[in-house]
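What the coordinates show
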Amino acid sequence: MHLPAPLRAAVGLAATVADETRRLPDRAIELPMLAVSTALQASLRVQQRYARLAARGDEVLNRRPVTDAPPEWATFDDPVPPPRGAPRDGRSPSAFDTVGDDPGD
């Protein structure tokens, strides 16, 4: 007996749902992590697509390829030296730092 394809697909879907329902108690523990993982993947895909669209828009508006080089008009200030007595390890001074306690000062 030959049944129509939509009917066979519906029977296959019902069988798949029944199989997944039997496995649900074992997979219930995995569902929260699966939901978080899926949401993060979707978020990253949206961000990547947005970045591609923005780059393409820049390309169309500027009529030139987008590069990582800064534009000619961009200027950058020289780094500002830390104030005298500031820690030399690159961190910001705190209220607990004392000026002049290093014998090298």
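This write-up is about the structure you can find in this document. Keep in mind that this is a model prediction, so the values were computed, not measured.

1. Focus on the pattern of salt bridges
- All told, the structure shown has four salt bridges when counted by the stated rule.
- Between Arg22 and Asp19 there is a salt bridge, with its nearest N and O atoms 3.1 Å apart. Of this pair, Arg22 and Asp19 both sit in helix α1 (residues 5–27), three residues apart, which is roughly one turn of the helix.
- Relative accessible area serves as the criterion here: at 61%, Arg22 is assigned to the exposed category.
- Several salt bridges share partner residues, and in doing so they unite Glu20, Arg23 and Arg27 into one network.

2. Quick notes on helix α2 (residues 31–62)
- The terminal C-alpha atoms of α2, which comprises 32 residues, lie 46 Å apart, in line with the 46 Å expected from a rise of 1.5 Å per residue.
- In the segment just after α2, Arg63 is the residue with positive phi, at about 55°.

What counts as what
Residues numbered from 1 in each chain as written. Predicted model: local features only at pLDDT ≥ 70, side-chain atom pairs only at ≥ 80, totals over all residues. Heavy atoms only, no water. Salt bridge = Lys/Arg side-chain N within 4 Å of Asp/Glu carboxyl O. Helix = DSSP H or I, 4+ residues; strand = E, 2+ residues; numbered from the N terminus. Buried < 20%, exposed > 50% of the residue type's maximum accessible area, 1.4 Å probe, protein only. Expected span 1.5 Å × (residues − 1).

Honestly, it's all geometry; don't read function into it.
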